[in-house]
Amino acid sequence: METVTLNKELSLDINKCIGILSEKFRKWPYNFFTESDAHSYLYLSFFRYGTPALKSLYQSKDRRRSILIHREYPTFFRYSQKELRLCKLNESEGTCGHYDMVVLNPGFIAGHDIQQVISKDNRVRQTVNFNDNHLLAAIEFKLLHKPLTENLRDEIKKDFTKLGWALETGQAREAYMLIFNRYGEEKTYWHTLEELQKEHQGIKLIYQESYYKNTEHITYPKSHRLSSSIKS
């Protein structure tokens, strides 16, 4: 399949499966005790509902085979977590972070040895041109099961910044921020998220509130869509 066509098909698949996860959370919020439960359900959705292209094994340059979907994948940039600024990859300053989940670009796998694809070692990471959209998707999750604290707000803001850098540096073709709230209503938080999305343009956002007030099941009316300030 032609690369452009394949990547478009995979992008549609990713959006569809994230939508399935969001709808599952809307209907059954207590299927998700932890953030890892959301990771697991999205992983399951990719393999249950994805097209063969999303579930296939792809061969690296040195003839090793791997799937596209991986958790805790490293950033191809270093950054200062305290000051939230980018650092050079070949310097000791800053650290490489990790995305909660990624979908690799098949072309990235085909053009590199498997250790470059895995990229656990910083010396190996420096041999890769990290501005080639080698991730079709970088995905961050948050599960809110208690009131939003300043620390949690700060964590989400940092995730937006990290995903913004993934797009700006060309590491990722698309970036997704998925926030699932089963604690209760946060009346003004959607506006905060919209401002963060404007600041880091291109990030696709789902914010889903689904919680119980006594026996009433309440869901947030704006959250049934995958939204982006640039792409839909």
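Residues numbered from 1 in each chain as written. Predicted model: local features only at pLDDT ≥ 70, side-chain atom pairs only at ≥ 80, totals over all residues. Heavy atoms only, no water.

1. Points about the pairing of strand β3 (residues 69-80)
Burial within β3 is extensive, with nine of its 12 residues counted as buried. Two elements, β3 and strand β5 (residues 95-104), share seven bridges in a ladder whose sense is antiparallel. Bridge assignment links Pro74 to a residue of β5, and that residue is His98. (Buried < 20%, exposed > 50% of the residue type's maximum accessible area, 1.4 Å probe, protein only. Helix = DSSP H or I, 4+ residues; strand = E, 2+ residues; numbered from the N terminus. Pairing = 2+ DSSP bridges.)

2. Let's talk about the packing of aromatic side chains
Where two aromatic rings form a pair, the distance of their centres and the angle of their planes describe that pair. If you walk through the whole model with that rule in mind, you get 10 aromatic pairs. Pairing Phe25 with Phe32 gives two aromatic rings, centres 5.7 Å apart and planes at 50°, and the pair type is tilted. The same class applies to Phe25 and to Phe32, which are both buried. Note on Tyr189 and Tyr207: the rings are 6.0 Å apart at their centroids and 70° apart in plane angle, and the pair reads as edge-to-face. On the criterion of sequence distance, the pair formed by Tyr189 in helix α8 (residues 189-199) and Tyr207 in strand β8 (residues 203-213) is long-range, its members being 18 residues apart. Grouped by ring-pair contacts, the aromatic residues Phe25, Phe32, Tyr41 and Phe180 constitute a single cluster. (Phe/Tyr/Trp six-rings, centres within 6.5 Å; stacked < 30°, edge-to-face > 60°.)

3. Focus on the confidence of the model for the chain
Should pLDDT be low for a region, the predicted coordinates there are not to be read in detail. Averaged over all residues, the pLDDT of the chain equals 88, while 89% of them reach at least 70. When mean pLDDT is taken per element in the chain, strand β2 (residues 65-66) scores highest with 97 and strand β10 (residues 227-228) scores lowest with 54. (pLDDT = per-residue confidence, 0-100.)

4. Here's the deal with unusual backbone geometry
In this structure, Arg63 takes a positive phi of about 65° despite not being glycine. Along the polypeptide, Arg63 turns up in the loop between β1 (58-59) and β2. In this model, Ser119 sits at a positive phi of 55°, which is unusual for a non-glycine residue. Along the chain, Ser119 falls in the loop between α5 (114-118) and α6 (122-125). For Ser119, a relative accessible area of 0% corresponds to the buried category.

5. Focus: the nonpolar core
Formed by 62 residues in total, the largest nonpolar core has its most connected members in Leu42, Phe46, Ile139, Leu178 and Leu193. In terms of residues, this core owes the most to one element, strand β6 (residues 135-144), which gives eight residues. Once residues within four sequence positions are removed from consideration, Phe46 is found in contact with Ile14, Cys17, Leu54, Lys55, Ile69, Met101, Val103 and Ile139. (Core = buried A, V, L, I, M, F, W, Y, C linked by side-chain atoms within 4.5 Å. Contact = heavy atoms within 4.5 Å.)

6. Concerning the pairing of β6
Here β6 lies mainly inside the structure; 10 of its 10 residues are buried. Sheet analysis places β6 next to strand β7 (residues 175-181), joined by seven bridges and oriented parallel. Bridged to Leu144 within β7 is Asn181. In this fold, the crossover linking β6 to β7 by way of helix α7 (residues 150-168) has right-handed handedness. (Right-handed = clockwise from strand over helix to strand, strands pointing away.)

7. Here we look at a nonpolar patch on the surface
A cluster of nonpolar side chains, Tyr30, Phe33 and Tyr212, forms an exposed patch at the surface whose accessible area comes to about 350 Å². Locating Tyr30 in the fold gives a position in the loop between α1 (3-27) and α2 (35-49). Tyr30 gets classed as partly exposed once you look at its relative accessible area, which sits at 44%. (Patch = residues over 30% accessible without salt bridge, like charges linked within 9 Å, V, L, I, M, F, W, Y side chains within 5 Å. Areas by Shrake-Rupley, 256 points an atom, 1.4 Å probe, with all protein chains shown as cover. Salt bridge = Lys/Arg side-chain N within 4 Å of Asp/Glu carboxyl O.)

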